[in-house]
Amino acid sequence: MVAEMHIRQGFLTDEQYESLRDALPDYLRPLFVTAYFTGVRRGELLAIRWNQVDWEQEFITLGSGETKNGYSRGVPILDGDMRFWLEWAQKQADGCDSIFHRDGVPIREFRRAWWKACAATGVPDLKFHDLRRTAVRNMRRAGVPQVVRMRISGHRTDSMERRYNIVDVDDIRSAKELMQKRSREIAGKGRLEE
């Protein structure tokens, strides 16, 4: 295999998520929050229509013709911020079929508002695409199995999902705690056998 060069490492912490969410204009919050929690691609998100939302089952369905990889998939609607901002967007839709809109007009471009909010919250180099990386990392931390993470985010290969699965200092600390617990268990068994 050829070594990958220049792999982006950008992602958001929980604290940065809250700051950036609050700095964005209201019309961008539903898009941002959905991307942050699900890792769905920008283009796939902007194409979603209200008839793809099943509030009762709490899913958004992406059809095979609407995804980059050509496979249909379901994306969960999470309680809390995601559900709140999607419901807010529906109330503001004014007949617009697109979930992500500004005053009833589908969002196509939002670069200026994005960069302004990122700069204001201390993450000026954050790309919208970095939310995919963040979502994959957060799903792993929550214990979501890899195959399910891949299905939600739309990754087709293990190598690509691993590339998005950033390990940071907090992950190493968590590993240390697990390893320390195991070490104590082994030490405790040894003492019992003496």
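Criteria and thresholds
- Residues numbered from 1 in each chain as written.
- Predicted model: local features only at pLDDT ≥ 70, side-chain atom pairs only at ≥ 80, totals over all residues.
- Heavy atoms only, no water.
- Buried < 20%, exposed > 50% of the residue type's maximum accessible area, 1.4 Å probe, protein only.
- Helix = DSSP H or I, 4+ residues; strand = E, 2+ residues; numbered from the N terminus.
- Core = buried A, V, L, I, M, F, W, Y, C linked by side-chain atoms within 4.5 Å.
- Pairing = 2+ DSSP bridges.

### Examining helix α2 (residues 29-38)
Item 1. The buried count for α2 comes to nine of ten residues, which makes it a mostly enclosed element.
Item 2. Taken together, the buried positions of α2 are R29, P30, L31, F32, V33, T34, A35, Y36 and T38.

### Observations concerning the nonpolar core
Item 1. Within the largest apolar cluster, 39 residues are counted, with the highest numbers of intra-cluster contacts made by L12, L20, F32, I60, F100 and W114.
Item 2. Broken down by element, the residue count for this core peaks at five residues, all from α2.

### Things to note about the pairing of strand β3 (residues 73-76)
Item 1. Here β3 shows a clear split, with R73 and V75 buried on one side and none of G74 and P76 buried on the other.
Item 2. Looking at chain direction, strand β2 (residues 59-62) and β3 are connected through four bridges and run antiparallel. Note on β3: the bridge partner recorded for I60 is V75.

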